[in-house]
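# A look at the structure
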Amino acid sequence: MLEVESVFKSFDDFLAVNGANLSVEKGEIVAVIGPNGAGKTTLFNLITGALRRDKGRIIFKGEDISELPSYEICKKGIARSFQVVNIFPRLNVFRNIQVAVLSQQRRSNRLFRPAHHMAVEETNSILESVGLLDKAHRIAGSLSHGDQKILEIAIALGNEPELLILDEPTAGMSPEETSATIELIKRLTQMRGLTILFCEHDMEIVFSIAQRIMVMRYGQTIIQGSPEEVRSNKEVQEAYLGGE
Amino acid sequence: MYREIIHSKWFRFSAGLFFILLILPLFLPRFYVYILALIYVTSLLAMSLNLVVGHGGLFQFHHGVFYGVAAYTIALMLKKTSLPMWTGFIAGPIFAAIIGLIIGWFCVRLTRLYFGMLQISLGSLIWVIVFRWYNFTGGDDGLPGIPMPPILSPLKNSYYFILIIFVICLILMYMILKSPFGNTLQAIRDNPQRCEAIGINVRRHQLIAIVIAAFFAGVAGVLFVVLERSVFTELLFWVLSLEIFIMCLLGGWFTFAGPILGAAMIVALRTFVGIFTEYWTLILGVVLILLIFFLPEGVMGFFQEKFKPQTKEMVHRGDL
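Everything numeric here is computed off the predicted structure, so don't read it as measured data.

Calculation rules
Residues numbered from 1 in each chain as written. Chains lettered and ligands numbered in written order. Predicted model: local features only at pLDDT ≥ 70, side-chain atom pairs only at ≥ 80, totals over all residues. Helix = DSSP H or I, 4+ residues; strand = E, 2+ residues; numbered from the N terminus. Rg over C-alpha atoms; globule rule 2.2 N^0.38 Å. Buried ≥ 20, exposed ≤ 12 C-beta atoms within 10 Å, placed from the backbone. Contact = placed C-beta atoms within 7 Å. Pairing = 2+ DSSP bridges. Axes fitted to C-alpha atoms, helices over the stretch in contact; angles between N-to-C directions. Domains from an automatic or database assignment. Parallel < 35°, antiparallel > 145°, perpendicular 65-115°, else oblique. Left-handed = near helix turned anticlockwise from the far one by under 90°. Nonpolar A, V, L, I, M, F, W, Y, C, P; charged D, E, K, R; others polar. Core = buried A, V, L, I, M, F, W, Y, C linked by C-beta atoms within 7 Å. pLDDT = per-residue confidence, 0-100. Expected span 1.5 Å × (residues − 1).

### A short note on the overall build of chain A
Helix and strand counts for chain A come out as 9 helices and 10 strands. Its C-alpha radius of gyration of 18 Å places chain A within 12% of the 18 Å reference for a compact globule of 244 residues. Buried residues in chain A amount to 45% of all 244 residues. Nonlocal contacts in chain A, meaning residues at least 24 apart in sequence, comprise 66% of its contacts between residues at least 6 apart.

This is the structure we're talking about:
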């Protein structure tokens, strides 16, 4: 479904992504791991078009998307959540998601119809599946950090993506919130048939839900494989797991 | 579709207010009728600015240009061409929207302060053209004595004309703000990066918003000519743009009707304090300083905050 072929990205003299390779098949849960500064977030930014790659190809469903702006890539079926909470703090929870749903339905440019009757069902179904329905009218900025991270994922769901990219979905969460989020991610893949690509620092989470793992260091792909393969790989043990 | 709005307290209040404004000219002396009409025109201008500043988060620093361009368009058409008069009324806002499209097309490519600075330069360019082109625009003399359709000649009639167009524009702007377009615009204000990520073409959306705002500023420009029967280069000068910016700040960025309050305050200050001293801006300055420290959300924002339980209820009803 997604193929990242030897992609490079540098900031001034710093090579953030240095020939990374990644492939994601439909229906998989794939994790990208690596030490801080390994280039995981930059890689996600390249895939979603938030940054433009210097070299290499990014292919989604057989189409080269490496030159497209992020809003076009979103319309191709890739949605993402962000590492740092990135919501619409002044809007209420319902409208946070509704904006994404309306964008997905190509209705963002309707001028003279009231929006509050639009996409109500779709939005509420997302709110229900992530468990935020009872907080639909809260102003998003007033939610707890854990709920904001959930909302973060819920906004991405509004775009009905085929591939959902989650950048550290449980960062800063309490243990209870973390396990609830993991359950949520598992449920989403089953219910909505989502393909998920995520990165995460917590190895327990990674090994409990990822079907395949890609390890990055210094912007390079060290290995791509099943959790067992990754666990038993010497280079990974030395570079990363051993150091934990 | 707007049934719940019609039944709301808020609607009844507005309808009552509208009725009062309709009968006011029957009692008030001419001068106050004129001031009221001037407040409507200025309010419309300030609200059109707030569409992109308060609700769109854009650094629209030179909004006055669109107002002035429309005023000059209708003035020149009525004075120098023999086209039917109504064409001038239509051409004003449309030409303002076209200028909005051109200036906006360049500006949306930049962000925040750079956006604002570029807009000031492009706007000032238009001001210089109007200022220097004596034999066409009258330069700094302006264009006095613009002919009007006879039906608009009595002040009372032009008052009603301005009031009705003003209310129509208010309704249209309200609808736009409550539409998917308006909601998306507010989402862009809050978080443009996230909007790109959920598939919104942020620049195009902002550009459309600027064109819409320029159009409404153009309507205000036309109404100004209806009221004043003359145009002058101050209409395009950046000082005016700053003034309407302050009106939005005074009234409250994030409210719908705030700019009306801001415009009314400034027009009243200039008129009634201006009689006693030409340094009325000194009082404005003090008011502004107090405001920024004590009511950062503007006067209207302050009242909305104060009566929160009611407004919250309205949000509830408005959203589902």
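### Examining the sheet that holds strand β2 (residues 14-24) of chain A
Residues and elements named next belong to chain A. With antiparallel pairing, 4 strands are arranged side by side in an open sheet as β2-β1-β4-β5. This sheet does not close on itself; its edge strands, each paired only once, are β2 and β5 (63-64). Bridging between strand β1 (residues 2-11) and β2 involves 8 bridges; their strand directions are antiparallel. Paired with Phe11 across the bridge in β2 is Phe14. Each of β1, β2 and β4 (55-60) touches helix α1 (residues 40-47); the most contacted strand, β2, lies at about 65° to it.

### Regarding the domain arrangement of chain A
Residue and element names in this part refer to chain A. The domain architecture assigned to chain A consists of domain 1 (1-77 + 162-244) and domain 2 (88-160). Distance from the C-alpha centre of domain 1 to the C-alpha centre of domain 2: 25 Å. At the junction of the two partners, domain 1 supplies 11 residues and domain 2 supplies 9 residues. Those elements giving two or more residues to the side of domain 1 that touches domain 2 turn out to be β7 (163-167) and α6 (175-192). The greatest single-element share of the side of domain 1 that touches domain 2, amounting to 4 residues, is contributed by α6.

### With respect to the environment of B:Phe293
Relative to the helices and strands, B:Phe293 resides in helix α14 (residues 280-294). As a C-alpha pair, B:Phe293 and B:Asn183 span 110 residues in sequence and 29 Å in three-dimensional space.

### So, the packing of helix α4 (residues 64-80) of chain B against helix α11 (residues 202-228) of chain B
Helix packing geometry: the angle between the two helix axes and the distance between the axes. Residue and element names in this part refer to chain B. One can describe the packing of α4 onto α11 by two numbers: an axis separation of 7 Å at closest approach and a directional angle of 50°. Here α11 runs oblique to α4, going by the angle between their axes. Crossing hand, α4 versus α11: right-handed. Contacts from Phe66, Tyr67, Gly68, Val69, Ala70, Ala71, Ile74 and Ala75 in α4 reach Ala214, Ala217, Gly218, Ala220, Gly221, Val222, Phe224 and Val225 in α11. Looking at the contact of α4 with α11 residue by residue, the class counts come to 13 nonpolar, 3 polar and no charged.

### Here's the deal with the interface of chain B and chain A
The interface is formed by 27 residues belonging to chain B together with 36 residues belonging to chain A. At the level of secondary structure, the elements contributing two or more residues to the side of chain B that touches chain A comprise α8 (155-178), α9 (180-190), α10 (192-197) and α16 (308-319) of chain B. It is α9(B) that provides the largest number of residues to the side of chain B that touches chain A, a total of 7 residues.

### Quick word on the nonpolar core
One finds A:Ala154, B:Val41, B:Leu44 and B:Ala71 to be the most contacted residues of the largest nonpolar core, which totals 160 residues. It is α11(B) that provides the largest number of residues to this core, a total of 18 residues. Both domains that furnish three or more residues to this core are identified here as domain 1 (1-77 + 162-244) and domain 2 (88-160) of chain A. Each residue touching B:Leu44, except ones within four places of it in the same chain, is listed here: B:Phe166, B:Cys169, B:Phe216, B:Val219, B:Ala220 and B:Leu223.

### Some words on the sheet that holds strand β10 (residues 220-225) of chain A
All names here are of chain A. If you trace the 6 strands from one edge of the open sheet to the other, you get β6-β7-β8-β3-β9-β10, paired in mixed fashion. Every other strand in the sheet has two partners, leaving β6 (78-81) and β10 as the edge strands with one partner each. Strand-to-strand twist of the sheet, defined as the mean angle between neighbouring strand axes without regard to direction, takes the value 15°. Relative to strand β9 (residues 212-217), strand β3 (residues 29-33) is paired through 4 bridges, and the arrangement is parallel. Across the sheet, Ala31 pairs through a bridge with Ile213, a residue of β9. Here α1 sits on the sheet and contacts β3, β6, β7, β8 (195-199) and β9; the angle it forms with β7, its principal contact strand, is near 150°. Its contacts with the sheet place helix α5 (residues 145-157) against β6 and β7, and it is angled at close to 170° to β6.

### Quick notes on the pairing of β9(A)
All names here are of chain A. As defined by bridge partners, β9 adjoins β10 across 5 bridges and the pair is classed as antiparallel. Among the inter-strand pairings, Val215 is bridged to a residue of β10, identified as Ile223. Where β9 folds back on β10, the antiparallel hairpin that results is connected by 2 residues, among which Tyr218 adopts a positive phi of roughly 45°.

### Regarding the packing of helix α3 (residues 30-53) of chain B against helix α12 (residues 238-251) of chain B
All names here are of chain B. Between α3 and α12, the least distance of the axes is 9 Å, while the angle of their chain directions is 75°. Considering their axes alone, α3 and α12 lie roughly perpendicular with respect to each other. Every residue of α12 that contacts α3 at Leu45, Ala46, Leu49, Asn50 and Val53 is listed here: Ile244, Phe245, Met247 and Cys248.

### Description of the confidence of the model for chain B
Residues and elements named next belong to chain B. Per-chain confidence: chain B averages 87 in pLDDT, with 93% of residues scoring 70 or above. Element-level mean pLDDT values for chain B span from 41 in α16 up to 95 in α11. Note that pLDDT drops below 50 for residues 309-320; the model gives that stretch 14 contacts with residues more than four away or on any other chain. With a pTM of 0.88, the predicted complex shows an ipTM of 0.86.

### Observations concerning α5(A)
All names here are of chain A. With 13 residues, α5 extends 19 Å from end C-alpha to end C-alpha; this agrees with the ideal 18 Å at 1.5 Å per step. Within α5 the residues assigned to the buried category are Asp147, Lys149, Ile150, Leu151, Glu152, Ile153, Ala154, Ile155, Ala156 and Leu157. Looking at the buried positions of α5, the neighbouring elements they touch are β6, α3 (93-104), α4 (120-130), β7 and α6.

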